[in-house]
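One letter stands for each residue in the lines below.
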Amino acid sequence: MDKEKTSMLALCVEAGKMNVKHVPRPEAKDGQLLIKVAATALNRADLLQKRGLYPAPPGESEILGLEASGVISGVGPGVKGNWTLGSKVMALLGGGGYAEYVAVPEELVMEVPSHLSLYEAAALPETWLTAHQLLHFIAKVRPNETVLIHAGASGVGTAAVQLVRLSHAIPVVTTGSPEKIRFAEQIGAALGINYKEEDISEKVLQFTKGKGADVILDCIGGNYWEKNISSLAVDGRWVLYGTMGGKTSDGDLLGKLLRKRGHLLCSLLRSRSLQYKAELVQSFTQQVLPHFKSTDLSNQSRVKTLDQSQWNKAI
């Protein structure tokens, strides 16, 4: 059999180093689509996996890449959707995006909106689905609530800002520079807090007239626990999805959280079941994807944003 049809190039990690090598090309199994990859994206999880700190879940590809875009090159048996060869798609992956081909359950595949390029679409699934999950599946954000978003100029942060606006809630972000604050405000943040120069909880309480944030999206963890509890409203939801600031905490965390009647909710996406991810993709496809358009915010780099007319109504 022709080797070109049974193998592909992939970026593999071996002993902490990345190498491009030939590996077996996947086949579309029952219920799967085979995608010829046009582009993928870099996520923090990829960097952690490269360092041996975030291994792929059992059954997932060891190849890096949690999202990809491309065209359908194969349809497996048992596929229920009306997919056609050559269609432009993007997909949420458990791994395998850094390769020429990837096989994906059809439930995790989305059509690329006609006005987005494949390069733009490649950076959408993991980031935006994470933000959508945190806000709607975990925190269950409601209209007019204040949502504090740490790392507000990051991938998940910028997605969350716009999704909060789309939900008619109020996004407040923390970032580390005036430039990032201006960018976050440009895409919808009601308030930007420079964590290097300002007291986060003081600014949040001032903005909310003493109430605090109803929801906190926290990828920092560790050394932010006191800031979070001080910023949290009574009965508020603190959603932890990362530990960039450390995995341990010292002090009266539980006591202070209890006095606030706070809810500490923890979530990851990669290790979730196929059914959960399928429900998430379906929800995102129905509720969010129709609002996308391609906008040049900086005249230097193209970014994916929601149609601002949708969230301007909530400002």
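See the structure shown above.
Cut-offs used in this document
- Residues numbered from 1 in each chain as written.
- Predicted model: local features only at pLDDT ≥ 70, side-chain atom pairs only at ≥ 80, totals over all residues.
- Heavy atoms only, no water.
- Core = buried A, V, L, I, M, F, W, Y, C linked by side-chain atoms within 4.5 Å.
- Buried < 20%, exposed > 50% of the residue type's maximum accessible area, 1.4 Å probe, protein only.
- Helix = DSSP H or I, 4+ residues; strand = E, 2+ residues; numbered from the N terminus.
- Contact = heavy atoms within 4.5 Å.
- Phe/Tyr/Trp six-rings, centres within 6.5 Å; stacked < 30°, edge-to-face > 60°.
- Lys NZ or Arg CZ within 6 Å of the ring centre and 35° of its normal.

Novice: Looking at this model, I keep getting lost on the nonpolar core. Mind explaining?
Specialist: One broad trend across soluble globular proteins is that nonpolar side chains are buried collectively. Grouped together as the largest cluster of nonpolar side chains are 73 residues, with contacts concentrated most on Leu-217 and Phe-284. Here this core takes seven residues from helix H5 (residues 155–166), the largest share from any one element. Excluding anything up to four places from it in sequence, Leu-217 contacts Leu-134, Leu-135, Val-147, Leu-148, Ile-149, His-150, Ala-160, Val-239 and Tyr-241. Met-8, Ala-10, Leu-64 and Tyr-101 belong to the second largest nonpolar core, which has 10 residues in total.

Novice: Would you mind going over the packing of aromatic side chains with me for this structure?
Specialist: Geometrically, a pair of aromatic rings is defined through the distance of the ring centres and the angle of the planes. Tallying each qualifying case throughout the model produces three aromatic pairs. Each ring, one from Trp-128 and one from Phe-292, has its centre 4.8 Å from the other, and the planes form 70°; the classification is edge-to-face. Of this pair, Trp-128 sits in helix H4 (residues 125–138) while Phe-292 sits in strand E14 (residues 292–295), placing them 164 residues apart in sequence. Centre to centre, the rings of Phe-137 and Tyr-276 are 5.6 Å apart; their planes meet at 75°, and the pair counts as edge-to-face. With Phe-137 in helix H4 and Tyr-276 in helix H10 (residues 274–287), this pair connects stretches of sequence that are 139 residues apart. One aromatic cluster in this structure is built from Trp-128, Phe-284 and Phe-292. Cation over ring: Arg-25 sits above Tyr-101, and NZ or CZ is 4.0 Å from the ring centre. Between the NZ or CZ atom of Arg-272 and the centre of the ring of Tyr-276, over which it lies, the distance is 4.2 Å.

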